[in-house]
Amino acid sequence: MSAGHPGARVPRRSPGHLAVIDMQRVFADPASPWATPRYADAAAGVRALLPAFAGRVTFTRFLAPERPAGAWRAYYDQWPFALRPPDAGLWALTDEFTGLADHVIDTATFGKWTPELAGRTGPDGRLVLAGVSTECCVLSTALAAADAGAEVLVVADACAGVDDDSHVKALQIMELYRPLVRVTAIDDLLAQAGP
């Protein structure tokens, strides 16, 4: 059958590589100074995406540096509670993801576009982003990956921000980077990647 025939199958595109950004206790715990109010919504979105990306998932964790340098010194003067070692409980992935995270990248930076994540995404690859927080680590990762030439899709309903307004504004900013960065939704992404 030709592609134009009504019964022809449209080839499906691989969904790419999923980076699950910072689904950690420090952002999930309502008592944390860095609590993300809609963390549970983002977590539900991530769970919905995981089956479509089997074997192509990287979880990331934000960690404090041992000794902050440069502008990070002022940042941790503002957030001294976060100066904890990598094995501190606040940095752990939340329980629902610990058994699912086969590959984890740790960084002391907001952006997670490291050489390791670039290698896992592949040259000219598609990077799908989900996690927290939309206006910080998701945004920083999206822009760095796009600059490097990756096709970046941000799954709006699998992300959450420090508040709803910040989440929406960050999505609007990322939309300005089309076609390098596109904001999508779980259902749309999974429909594109269908059987």
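Preceding block: the structure.
Since we're looking at a predicted model, the values are computed, not measured.

Draft legend 1. How the structure looks around the layout of surface pockets. Computed from the structure, the largest pocket encloses a volume of approximately 240 Å³. Around the largest pocket, the lining is made up of 15 residues, and of these F27, W34, Y75, S133 and C136 lie nearest the centre.

Draft legend 2. Representation of the state of the cysteines in the model. Per the stated rule, a full pass over the model turns up zero disulfides. Here C136 is not cross-linked by a disulfide; its sulfur's nearest cysteine counterpart is in C137, at 4.0 Å. Under the relative-accessibility criterion, C137 is labelled buried at 5%.

Draft legend 3. Here's a closer look at the pairing of strand β3 (residues 104-107). Here β3 shows a buried face lined by I105 and T107 and an unburied face lined by V104 and D106. The pairing of strand β2 (residues 57-62) with β3 spans four bridges and is parallel. Considered in β3, the bridge of R61 is made with D106.

Draft legend 4. Fine view of unusual backbone geometry. Of note, the amide linkage connecting V132 to S133 takes the cis form, showing an omega dihedral of -20 degrees. With respect to the element layout, S133 can be found in the loop between β4 (126-132) and α6 (134-147). The omega torsion of the bond from R178 to P179 falls at 0 degrees, within 30 degrees of zero and hence cis. Mapping P179 onto the fold places it in the loop between α7 (164-175) and β6 (181-184). Notably, D22 is not glycine yet its phi reads approximately 55 degrees, a positive angle. Relative to the assigned elements, D22 resides in the loop between β1 (17-21) and α1 (25-28). Judged by relative accessible area, which is 0%, D22 ranks as buried.

Draft legend 5. How the structure looks around the sheet that holds β1. Overall, parallel pairing links the six strands, which are arranged β3-β2-β1-β4-β5-β6 in an open sheet. Every other strand in the sheet has two partners, leaving β3 and β6 as the edge strands with one partner each. Across this sheet, the average inter-strand angle for adjacent strands is 25 degrees, counted without regard to direction. The pairing of strand β5 (residues 151-160) with β6 spans four bridges and is parallel. When the bridges of β6 are listed, V155 appears paired with T184. This element, α7, spans β5 and β6 of the sheet and lies at about 165 degrees to β5.

Draft legend 6. Local environment of α7. Look at α7: 17 Å from first C-alpha to last across twelve residues, which is about the 16 Å you get at 1.5 Å a residue. Along α7, the positions that sit buried rather than exposed are H167, A170, L171 and M174. Around the axis of α7, the buried residues are gathered within 100 degrees of arc, so they sit on the same side. The inward-facing, buried residues of α7 contact α6, β5 and β6.

Draft legend 7. View of the packing of α6 against α7. Two elements in contact, α6 and α7, have axes whose closest approach is 9 Å; the angle formed by their N-to-C orientations is 15 degrees. Between α6 and α7, the angle is such that the two are roughly parallel. The two elements α6 and α7 meet at a crossing, and its hand is right-handed. For the pair α6 and α7, the contacting residues are T134, E135, V138, L139 and A142 in the first and S166, H167, A170, L171, I173 and M174 in the second. Looking at the contact of α6 with α7 residue by residue, the classes come out as seven nonpolar, three polar and one charged.

Draft legend 8. Highlighting the pattern of salt bridges. Under the definition given, this model contains eleven salt bridges. Note that D41 and R38 form a salt bridge whose closest N and O atoms lie 3.5 Å from each other. The class for D41 is partly exposed, based on a relative accessible area of 42%. Of the charged contacts in the structure, one is a salt bridge between R67 and E66, with a shortest N-O distance of 3.4 Å. Residues participating in the shared-partner salt-bridge network are R38, D41 and D164.

Calculation criteria
- Residues numbered from 1 in each chain as written.
- Predicted model: local features only at pLDDT ≥ 70, side-chain atom pairs only at ≥ 80, totals over all residues.
- Heavy atoms only, no water.
- 1 Å grid on protein atoms, 1.4 Å probe; cavity = no way out; pocket = protein on both sides within 12 Å on 5 of 7 lines; lining within 4 Å.
- Points joined across faces, edges and corners; volume = space filled by probe spheres on them.
- Disulfide = S-S within 2.5 Å.
- Buried < 20%, exposed > 50% of the residue type's maximum accessible area, 1.4 Å probe, protein only.
- Helix = DSSP H or I, 4+ residues; strand = E, 2+ residues; numbered from the N terminus.
- Pairing = 2+ DSSP bridges.
- Axes fitted to C-alpha atoms, helices over the stretch in contact; angles between N-to-C directions.
- Contact = heavy atoms within 4.5 Å.
- Expected span 1.5 Å × (residues − 1).
- Arc of directions from axis to C-beta.
- Parallel < 35°, antiparallel > 145°, perpendicular 65-115°, else oblique.
- Left-handed = near helix turned anticlockwise from the far one by under 90°.
- Nonpolar A, V, L, I, M, F, W, Y, C, P; charged D, E, K, R; others polar.
- Salt bridge = Lys/Arg side-chain N within 4 Å of Asp/Glu carboxyl O.

In short, the description is geometric, and any link to function would need to be established separately.
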